[in-house]
Amino acid sequence: MRGSNDAVVTGLGATTPLGGDVRTTWAGLLEGRSGIRPITAEWAAGLPVRIAGQLAVEPTEVLDRVQARRLDRCEQIALVAAREAWADAGAPEVDPERLAVVIGTGTGGALTLLGQDDVLETSGVRRVSPHTVPMLMANGPAAWVSIELGAKGGAHTPVSACASGAEALALGLDLIRLGRADVVVAGGTEACICPITLAGFAQAKAHSTRNDEPERASRPFDVDRDGFVIGEGAVVFVLERAEFAAARAARAHARLAGAAVTSDANHITAAQPEGQVRAMRRAMAEAGVSPLDVSFVHAHATSTPLGDLAEAQSVTEAIGTHPAVTATKSMTGHLFGAAGAIGALATVLALRDGTVPPTVNLDTQDPAVKLDIVTGTPRRAALSAALTNSFGFGGHNASLLFTRT
């Protein structure tokens, strides 16, 4: 699988609870700064969960007002992140039929669906927006980004819960390696902070209820963890065939050397270490690296009691306890369909800069977790290969293996 069809990362874009671009998001991760805060909207007052990782910069501050009105929030932020990534890559000149888009999401335009249903119930059919369907459809973000960039090589939408963003990057790598594209714009987007999601996760006992201390609510691997914190955001990459990037003297942040997707076929919500182990081992094998070559792991680590233990077990079995490990959801919350993409962003930047961001709120590490988790301050290290995990409800497992260029 190695050779002329290798893929390199030439562009990065992001809008997250820590910042409206890659620079401020990365600075926030290195500072150990939390982007989780109280939800001040009136609709949250009676809910058991009233905290979330909300965007640091509203997309309506960036997009044209008329365009923004015709886009769901998840489409808006995908477009914001894609524009930054495309500019960061130097706006490569590529045959439109050799340019593809892959944007994953967990829920798509959920806010539009819920909002327009309310309009229908309270004000009647004539008040429903004619833009409703393009705004609610899950493929909307990929479609709008393809329109923005003139990409005619396909616009794809993996929908695999919290593994969606990582699966998008894996599919982007496949498109390049299969010779179907020279450039792929890939990533994830999610914006579903609303009453029904908060209530549903609260009823499932999956969401933290630390409403009085939001910055400390997400605490992966800590003995006192009590669930994840919902977040929103979008992260987009520009992947290029290595020879194509070299021909135009493009700068590469890192190389996407391996990717693997597996499924548990076991339980709709309970994680299964065996499936996670298979994903990690396949990603390493595809990249041609051994477990000892992996010096850094970005953990999925959502801060749930059972999920963190399952992943700690699977990382130990597949790779070992030698890599530095971090869990950035402690700062951003869980971005669901964008989780894999923001995890990949942290992994690429850690490789590029030789710096692993810390896991915050890890006061007392669960004794069942034997991993070397970075806490306190960033850790400087010579990193050559790094792996990032994403696992989703439904038994979806995705692992990405990046190396330095």
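Everything discussed here concerns the structure shown above.
Residues numbered from 1 in each chain as written. Predicted model: local features only at pLDDT ≥ 70, side-chain atom pairs only at ≥ 80, totals over all residues. Heavy atoms only, no water.

**Quick word on the environment of Ala246**
Short version of the rule: Only DSSP runs of H or I covering at least 4 residues are called helices, and only runs of E covering at least 2 are called strands; the numbering of each starts at the N terminus. Only protein chains enter the calculation, and the probe is 1.4 Å; a residue is then buried if its accessible area is under 20% of its type maximum, exposed if over 50%, and partly exposed in between.
Note that Ala246 resides in helix 9 (residues 242–247). Judged by relative accessible area, Ala246 falls into the exposed class, the value being 57%. As a C-alpha pair, Ala246 and Val289 span 43 residues in sequence and 23 Å in three-dimensional space.

**Focus on the sheet that holds strand 10 (residues 324–326)**
Across a sheet, strands are paired by hydrogen bonds formed along the backbone, either parallel or antiparallel in direction. As a reminder, the rule being used: At least two bridges found by DSSP between two strands are what make those strands a pair.
Ordered in space as 5-4-6-7-1-8-15-14-9-10-12, the 11 strands form an open sheet in which the pairing is mixed. At either margin of the open sheet sits one strand with a lone partner, and together these are strand 5 (155–156) and strand 12 (372–373). Direction of pairing for strand 4 (residues 99–104) relative to strand 5: parallel, over a ladder of two bridges. Residue pairing across strands places Val101 opposite Ala155, the latter belonging to strand 5.

**Description of helix 13 (residues 339–353)**
The line we're drawing: To estimate how far a helix should reach, multiply one less than its number of residues by 1.5 Å.
For helix 13, with 15 residues, the first-to-last C-alpha span of 21 Å sits near the 21 Å given by 1.5 Å per residue. Counting buried positions along helix 13 gives 13 out of 15 residues, so the element sits mostly inside the fold. Where helix 13 terminates, the next one or two residues include Gly354, which has phi positive at roughly 65 degrees.

**Looking at the packing of aromatic side chains**
Between two aromatic rings, the relevant description is the distance of the centres plus the angle of the planes. Applied cut-off: Ring geometry is summarised as follows: Phe, Tyr and Trp rings, the Trp one being its six-membered ring, pair when their centres sit within 6.5 Å, and such pairs are stacked at plane angles under 30 degrees, edge-to-face over 60 and tilted between the two.
For the structure shown, the criterion picks out four aromatic pairs. Plain terms: the ring middles of Phe201 and Phe228 are 4.9 Å apart, the flat faces sit at 80 degrees to each other, and that makes the pair edge-to-face. Residue Phe201 is found in helix 8 (residues 195–203), and its partner Phe228 is found in the loop between helix 8 and strand 7 (233–241); the two are separated by 27 residues along the sequence. Residue classification places Phe201 among the buried residues on the basis of a relative accessible area of 18%. Judged by centre distance (5.6 Å) and plane angle (85 degrees), the ring pair of Phe228 and Phe336 falls under edge-to-face. Of this pair, Phe228 sits in the loop between helix 8 and strand 7 while Phe336 is found in the loop between helix 12 (329–332) and helix 13, placing the two residues 108 residues apart along the sequence. For the residue pair Phe228 and Phe336, the accessibility class agrees, reading buried in each case.

**Observations regarding the layout of surface pockets**
As a reminder of what qualifies: Using only the protein atoms, space was sampled on a 1 Å grid; points where a 1.4 Å probe fits but cannot get out form cavities, open sets with protein on both sides within 12 Å along at least five of seven lines form pockets, and lining residues are those with an atom within 4 Å of a point. Grid points are joined across faces, edges and corners, and a volume is the space filled by probe spheres set on the points. Three classes are used, and their members are as follows: Ala, Val, Leu, Ile, Met, Phe, Trp, Tyr, Cys and Pro are nonpolar, Asp, Glu, Lys and Arg are charged, and the others, Gly among them, are polar.
By volume, the largest pocket amounts to about 720 Å³. Of all the elements in the fold, those that place two or more residues in the lining of the largest pocket are helix 8, helix 11 (305–318), strand 14 (385–392) and strand 15 (396–403). With five residues, helix 11 is the largest single contributor of residues to the lining of the largest pocket. Taken together, the residues that form the lining of the largest pocket break down as 16 nonpolar, 15 polar and five charged. Roughly 260 Å³ of volume is contained in the second largest pocket.

**Observations concerning the side chain of Asp72**
As a reminder, the rule being used: All tallies of charge rest on Lys and Arg as positive and Asp and Glu as negative; His and the ends of each chain are not included. The working definition used for a salt bridge is a side-chain nitrogen of Lys or Arg within 4 Å of a carboxyl oxygen of Asp or Glu. Two N or O atoms form a polar contact when they lie within 3.5 Å of each other; inside protein one atom must be a possible hydrogen donor and the other a possible acceptor, and for residues adjacent in sequence the pair counts only when both atoms belong to side chains. Contacts are residue-level and defined by heavy atoms, with any inter-residue pair within 4.5 Å sufficient.
Locating Asp72 in the fold gives a position in the loop between helix 2 (65–69) and helix 3 (73–88). One buried charged residue, Asp72, forms no salt bridge at all, with the nearest opposite charge on Arg73 at 7.7 Å. In terms of polar contacts, Asp72 uses its side chain to reach the backbone amide nitrogen of Cys74, at 2.9 Å. Aside from chain neighbours lying at most four places away, what touches Asp72 is Gly108, Gly109, Leu111, Thr112 and Met135.

**Some words on the nonpolar core**
Our working rule: Working definition of a nonpolar core: buried Ala, Val, Leu, Ile, Met, Phe, Trp, Tyr and Cys residues. They are joined through side-chain atoms within 4.5 Å.
By size, the foremost hydrophobic cluster in this structure holds 49 residues, and its most contacted members are Leu12, Leu169, Val184, Phe237, Leu345, Leu400 and Phe402. Among the elements that take part in this core, helix 13 stands out by supplying nine residues, more than any other. Once residues within four sequence positions are removed from consideration, Leu400 is found in contact with Ala166, Leu169, Ala170, Leu256, Gly258, Ala259, Ala344, Ala386, Leu387 and Thr388. Among the nonpolar cores identified, the runner-up in size contains 28 residues, and Ala68, Ala81, Val145 and Val238 belong to it.

Without other data, these values stay purely geometric and don't point to any function.
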